Amino acid sequence: MKRRAEEREKEMKKKKLLEELGESRLPYMTPGDAGFHQLWKTKYSKLIFRKSDTVPEELHQVVQEGFLTLRKHSCFFQDLVRIKGKDFVTPVSRILIGNPGCTYKYLNTRLFTVPWPTEGYEIKYWSPQIHDACKALIKLNDYLHIEAIQALQGQNSSETKDTVVVEREQNFDTSIKEKGSVLKDQSSCYVSEDDYTSLKNRTSFNLTLLNYMDPLQMLYLKQEPYFGMGNMAVSWHHDENLVARSTVAVYSYSCEGSAVEESSEQNLKGRDPAVWHVGLKVAWDIETPGLAIPLHQGDCYLMLDDLNMTHQHCVLAGFLPRFSSTHRVADCSRGTLDYIFGQCELALQNLQAGSDSIPLSLKSLEVAVVKQVEETHNEVEFEWLRQFWFQGKRYLKCTDWWLKPMARLEEFWRKMEVMTSLVLSEVGKEDQTVEQRNETISCLLLVLTERQKLRKEWTARHSEECQKYNYTNRLLGTLRSPDASHKQQRVCQKTRNQNATPSGQMMTVICLCHMILRK
């Protein structure tokens, strides 16, 4: 409900802005314009740019090799996202890499991290090259974390002359450790210990969303609607589901190729269409000119503090294929395995284990307990199991790490299906007062109605997916994987097909609940 309300509000603002513009276009500036740097300083000061020659060469090498390795192993996928009740395939191909057990949700699609090498976790990659690529992204993550802390400290202090500089000739791994140590030691010069901890938490990136697109392979790209900036790879947006006021850090890599990276025309009006740019604007504002900043091979930029909330950004396509690594502090309060396992274990505390002679039973029929169990039941099914399997076994291109936890979640889900049946059985017995029965059923009815509605939606999504089978498989790469075990193939098929029969039974249950309430 909240998500749909936000989408409606966004559409209304967009419609109003376009109506105000009419046939005209808003002004924007590039580095070639006289007022560009003054505009950046006054209206976009929380955007920090780092040219490629300030980044250690060793880091460039391992990260760019990692990008190419992941593309070679077909690890990038176009997402099937849901906007206003309809499915769309994204023009950009993506892969999420980060802390084991983390997820990131955008446009009603939950992505599951390919875990990067982490101490204490056993992660089996399908090739040593994929392991090395993920390891390279941790190095980039560490580097951008330090850069972000330093940039925020610079924003909070006029003592920019104390900015830490590391010689380019230093060993990269050593320089990261030393730089981090020096920054912490010098933090007292800038902020208090509590403020430094806050800065660290808002820059401790727990995942990176990697993007890849070859514009010349795209049949169609949307045109930027407000400024006339040209082809967009990613439309205007705020990044979603992040820790409040956290930094977003981006590393950009345009592949070398036969296409000319920059136009030979020096007197172009506006941005050079051959070069990738990041566009920025003040959200829903028609007074402030926008910015279009060229992105060359190995450039980085940081969106600090509340910039992601007060401004919007887009990605403007050039001619060459491009990778980017977008490092985020994702809000994982409800998006980690630890969280959902904890919710399931809490719910299952209400299940009294049976034996050969004693059937399963519920410990409590208190409304609050029933509500928690059934809401967790919905969350496991629609936010985890269906989201995971709907995307196909794309993660098996890199690792099988997610298969065991998903099998465990399905076991939890099965037990909660039993618990739903037990609740319905108990409320029909005579030992409950009418008031208790009605209170329990009213609570249960809300959750079951939501479950019925969501199962219908997922049934429709799966039906649409089947109708577009060849098209979707070609775009998303969700072909049947020979590496998955037969058991996991059956789990996948069963989870994907839990639609028609349960939906019919659910409608019957909902009707019975209404009948009992009317008695």
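As shown above, the structure is provided for reference.
Worth saying up front: this structure is predicted, and the values here are computed from it rather than measured.

Peer 1: Could you give an account of the side chain of S364, naming the residues involved and the relevant values?
Peer 2: Along the chain, the position of S364 falls in the loop between β17 (361-362) and α9 (367-390). Reaching out from S364, the side chain makes a polar contact with the backbone nitrogen of E366 at a distance of 3.0 Å.

Peer 1: Before we move on, could you go through the nonpolar core and cite the residues and values that matter?
Peer 2: In this structure, L70, I97, I293, I340, L409 and M416 are the most contacted members of the largest nonpolar core, which totals 109 residues. In terms of nonpolar packing, the next biggest core, distinct from the first, is built from 10 residues, Y226, W236, A292 and C314 among them.

Peer 1: With reference to specific residues and values, describe the pattern of salt bridges.
Peer 2: Counting across every chain of the model gives 22 salt bridges. D239 serves as the salt-bridge partner of R328, at 3.6 Å between the closest nitrogen and oxygen. Pair noted here: R328 is in strand β15 (residues 322-328) and D239 is in the loop between β9 (232-237) and β10 (248-254), with a separation of 89 residues, a long-range link. A salt bridge links D305 to R245, with the nearest nitrogen and oxygen atoms 2.7 Å apart. One end of the pair, D305, is in the loop between β13 (300-303) and α7 (307-310); the other, R245, is in the loop between β9 and β10, with 60 residues separating them in the sequence. Judged by its relative accessible area of 10%, D305 falls in the buried class. Each of K46, R202, R245, D305 and D306 takes part in salt bridges that share partners, so that together they form one network.

Peer 1: Residues and numbers for the packing of α9 against helix α10 (residues 403-427), please.
Peer 2: Remark: α9 packs on α10, axes separated minimally by 9 Å, with the N-to-C direction vectors making an angle of 145°. Judged by the sense of rotation from one axis to the other, the crossing of α9 with α10 is left-handed. Contacts between α9 and α10 involve V370, V373, E374, T376, H377, V380, E381, W384, L385, F388 and W389 from the former and L403, M406, L409, E410, W413, M416, E417, M419, T420 and V423 from the latter. Broken down by class, the residue content of the contact of α9 with α10 amounts to 14 nonpolar, 3 polar and 4 charged.

Peer 1: Can you lay out the environment of D400 for me, pointing to particular residues and giving the numbers?
Peer 2: Relative to the helices and strands, D400 resides in the loop between α9 and α10. Sequence-distant contacts of D400, that is, excluding residues within four places in its chain, are made with K124 and W126.

Peer 1: Any details on unusual backbone geometry? Residues and values, ideally.
Peer 2: Positive phi, close to 45°, is recorded for L107, a residue that is not glycine. Judged by relative accessible area, L107 falls into the partly exposed class, the value being 22%.

Peer 1: I'd like to hear about the environment of P405, residue by residue, with values.
Peer 2: Structurally, the position occupied by P405 is in helix α10. On the basis of relative accessibility, which here comes to 11%, the residue P405 falls in the buried class. Along the chain, P405 and G101 lie 304 residues apart, while their C-alpha atoms are 8.8 Å from each other. Aside from chain neighbours lying at most four places away, what touches P405 is L337 and F341.

Peer 1: If you had to explain the pairing of strand β3 (residues 77-83) to someone new, which residues and values would you point to?
Peer 2: Taken residue by residue, a regular strand's side chains alternate between the two faces of the sheet. Where burial is concerned, most of β3 is hidden: 6 out of the 7 residues are buried. Examined bridge by bridge, β3 and strand β4 (residues 86-98) share 6 bridges and lie antiparallel to one another. Residue pairing across strands places Q78 opposite S93, the latter belonging to β4. The turn joining β3 and β4, which pair antiparallel and follow one another in sequence, is formed by 2 residues; a positive phi near 50° is taken by K84.

Peer 1: Could you give an account of the sheet that holds β9, with specific residues and numbers?
Peer 2: In space, the 5 strands of this open sheet follow the order β1-β12-β11-β14-β9, with mixed pairing throughout. Each having just a single partner strand, β1 (28-29) and β9 make up the two edges of the open sheet. Across 6 bridges, the pairing between strand β11 (residues 277-282) and strand β14 (residues 311-316) is antiparallel. Residue pairing for β14: H277 is matched across the bridge by L316. Lying on the sheet, helix α2 (residues 36-43) is in contact with β1, β12 (290-294) and β14; it crosses β12 at an angle near 115°.

Reading the values: rules and limits
Residues numbered from 1 in each chain as written. Predicted model: local features only at pLDDT ≥ 70, side-chain atom pairs only at ≥ 80, totals over all residues. Heavy atoms only, no water. Helix = DSSP H or I, 4+ residues; strand = E, 2+ residues; numbered from the N terminus. Polar contact = N/O pair within 3.5 Å; in protein donor to acceptor, adjacent residues only side chain to side chain. Core = buried A, V, L, I, M, F, W, Y, C linked by side-chain atoms within 4.5 Å. Buried < 20%, exposed > 50% of the residue type's maximum accessible area, 1.4 Å probe, protein only. Salt bridge = Lys/Arg side-chain N within 4 Å of Asp/Glu carboxyl O. Axes fitted to C-alpha atoms, helices over the stretch in contact; angles between N-to-C directions. Left-handed = near helix turned anticlockwise from the far one by under 90°. Contact = heavy atoms within 4.5 Å. Nonpolar A, V, L, I, M, F, W, Y, C, P; charged D, E, K, R; others polar. Pairing = 2+ DSSP bridges.

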